[in-house]
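Structural overview for review
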Amino acid sequence: MTLRIIASGGTFDKHYDPIAGQLGFGASHLPAVIARSRITQAHTLEVLPLLDSLEMQDADRQRLLASCRQSPETAIVIVHGTDTMRESAAVLGIAALDKTVILTGAMIPYEIAGSDALFNLGFAVGVAQTLPSGVYVAMNGHVFGWDKVSKNRSAGIFEAL
């Protein structure tokens, strides 16, 4: 089995600019995260334009869907922003792909101390290899069906509907 990992942006992949005091995008952290995680599962990394999920448009979600459809791999992990992860998961879920697609992300950027990025990616890679076909959200040790999850913004967690 080969796994496809798709980087689409989100807090996970943001860089901190200490001069401007802002978070933004540079090169994806995924190559370093994969190496640091010591993922030995055969995988292909695809880096799409990195976006804050609040800036994602329908065309961006269609690009995600096209990547999943065209992927020869049947296990796919998508690193995505948490604010609109549910919306992208719905586009993928409604498409009823015969693949296991896991969306994950981070509440704190990978390069910031205390980030949940490393754990979430490792967790998503693990469940992508074990769950049946379908679209799921995997965050902080929990797995949710694409249509049974919401982000609790005040608590900073994902929870079942």
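The preceding data block contains the structure.
Now for a quick tour of the structure. (Residues numbered from 1 in each chain as written. Predicted model: local features only at pLDDT ≥ 70, side-chain atom pairs only at ≥ 80, totals over all residues. Heavy atoms only, no water.)

1. Observations regarding the packing of aromatic side chains
With the rule as written, the count across this model stands at one aromatic pair. Taking 5.9 Å as the distance between ring centres and 10° as the angle between the ring planes, the aromatic pair formed by Phe119 and Phe123 counts as stacked. Placement of both Phe119 and Phe123 in helix 4 (residues 117-128) is noted, with a separation of four residues, approximately one turn of the helix. (Phe/Tyr/Trp six-rings, centres within 6.5 Å; stacked < 30°, edge-to-face > 60°. Helix = DSSP H or I, 4+ residues; strand = E, 2+ residues; numbered from the N terminus.)

2. Things to note about the sheet that holds strand 8 (residues 142-145)
Pairing in this open sheet of six strands is mixed, and the strands run 4-1-5-6-7-8 from one edge to the other. Among the strands making up the open sheet, the edge pair consists of strand 4 (43-51) and strand 8. Taking the axes of each pair of neighbouring strands and ignoring which way they run, one obtains an average angle of 20° across the sheet. Examined bridge by bridge, strand 7 (residues 134-139) and strand 8 share four bridges and lie antiparallel to one another. Within strand 8, the residue paired with Ala138 across the bridge is Val143. Lying on the sheet, helix 2 (residues 58-70) is in contact with strand 1 (3-9), strand 4, strand 5 (75-79) and strand 6 (100-104); it crosses strand 4 at an angle near 170°. Across the sheet, helix 4 touches strand 1, strand 5, strand 6, strand 7 and strand 8, and the angle it forms with strand 6 is around 170°. (Pairing = 2+ DSSP bridges. Axes fitted to C-alpha atoms, helices over the stretch in contact; angles between N-to-C directions. Contact = heavy atoms within 4.5 Å.)

Honestly, that's just the spatial picture; any functional story needs more than this.
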